[in-house]
Amino acid sequence: QGQLLAKSWSSFFEGQSGAALRGPIYSFNGRNVLTDPLWPRRLAWHGSTPRGGHARRWDCQGWRSSSVAEGMATALGEGRLLAGHRHNCSTP
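Note that the coordinates shown come from a computational prediction; the quantities given were computed from them, not determined experimentally.

Visitor: Got a sec to walk through the overall build of the protein chain? Specific residues and values, please.
Guide: Broken down by element type, the protein chain carries 0 helices and 3 strands. The secondary structure elements of the protein chain, listed N-terminal to C-terminal, are β-β-β. Once local pairs closer than 6 in sequence are excluded, the contacts in the protein chain between residues at least 24 apart make up 47%.

Okay, here's the thing in structure tokens:
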């Protein structure tokens, strides 16, 4: 609510794994995903490389519940938006 997350859109993708996250992040229904128990994993799914490019093999695109696929996601507590790791696409 009025807190600056980054200086510009491009700053999300500059430097070492993009912008450092600042302040709370709210879901569309107004819950703070960093503290709300509804969000136990606190992952930001992005399917990107650390420099902001498309991680084609790790984006969960075309994933189905019966498949064993992995996608790039960042634990929001890490503080870097694109410092992702591969996670099973079935992870809630």
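Visitor: Please give an account of the layout of surface pockets that cites residues and values.
Guide: Estimates place the volume of the second largest pocket at around 180 Å³. Every residue along the wall of the second largest pocket is listed here: Ile25, Tyr26, Ser27, Phe28, Val33, Trp39, Arg42, Leu43, Ala44 and Leu76. Class assignment of the residues belonging to the lining of the second largest pocket gives a composition of 8 nonpolar, 1 polar and 1 charged.

Visitor: So what's going on with unusual backbone geometry? Residues and values would help.
Guide: The backbone of Arg42 sits at a positive phi, close to 50°, despite the residue not being glycine. Residue classification places Arg42 among the partly exposed positions, given a relative accessible area of 25%. Here the phi dihedral of Cys60 falls at roughly 60°; this positive angle occurs in a residue that is not glycine. Take Cys60: it is sitting in the loop between β1 (43–45) and β2 (70–75). A relative accessible area of 22% places Cys60 in the partly exposed class.

Visitor: Can you tell me about the packing of aromatic side chains, naming the residues and giving the values?
Guide: Tallying each qualifying case throughout the model produces 0 aromatic pairs. A cation over an aromatic ring shows up here: Arg86 above the ring of Trp58, its NZ or CZ 4.2 Å from the ring centre.

Visitor: Explain the pairing of β2 residue by residue, including any values.
Guide: Relative to β2, β1 is paired through 3 bridges, and the arrangement is antiparallel. Pairing of Trp45 across the sheet is with Ala73, part of β2.

Visitor: Describe in detail the side chain of Asp36, supporting the description with residues and values.
Guide: Take Asp36: it is sitting in the segment before β1. The class of Asp36 is buried, set by a relative accessible area of 14%. Beyond its immediate sequence surroundings of up to four residues, Asp36 is in contact with Arg31 and Arg42.

The rules behind these values
Residues numbered from 1 in each chain as written. Predicted model: local features only at pLDDT ≥ 70, side-chain atom pairs only at ≥ 80, totals over all residues. Heavy atoms only, no water. Helix = DSSP H or I, 4+ residues; strand = E, 2+ residues; numbered from the N terminus. Contact = heavy atoms within 4.5 Å. 1 Å grid on protein atoms, 1.4 Å probe; cavity = no way out; pocket = protein on both sides within 12 Å on 5 of 7 lines; lining within 4 Å. Points joined across faces, edges and corners; volume = space filled by probe spheres on them. Nonpolar A, V, L, I, M, F, W, Y, C, P; charged D, E, K, R; others polar. Buried < 20%, exposed > 50% of the residue type's maximum accessible area, 1.4 Å probe, protein only. Phe/Tyr/Trp six-rings, centres within 6.5 Å; stacked < 30°, edge-to-face > 60°. Lys NZ or Arg CZ within 6 Å of the ring centre and 35° of its normal. Pairing = 2+ DSSP bridges.

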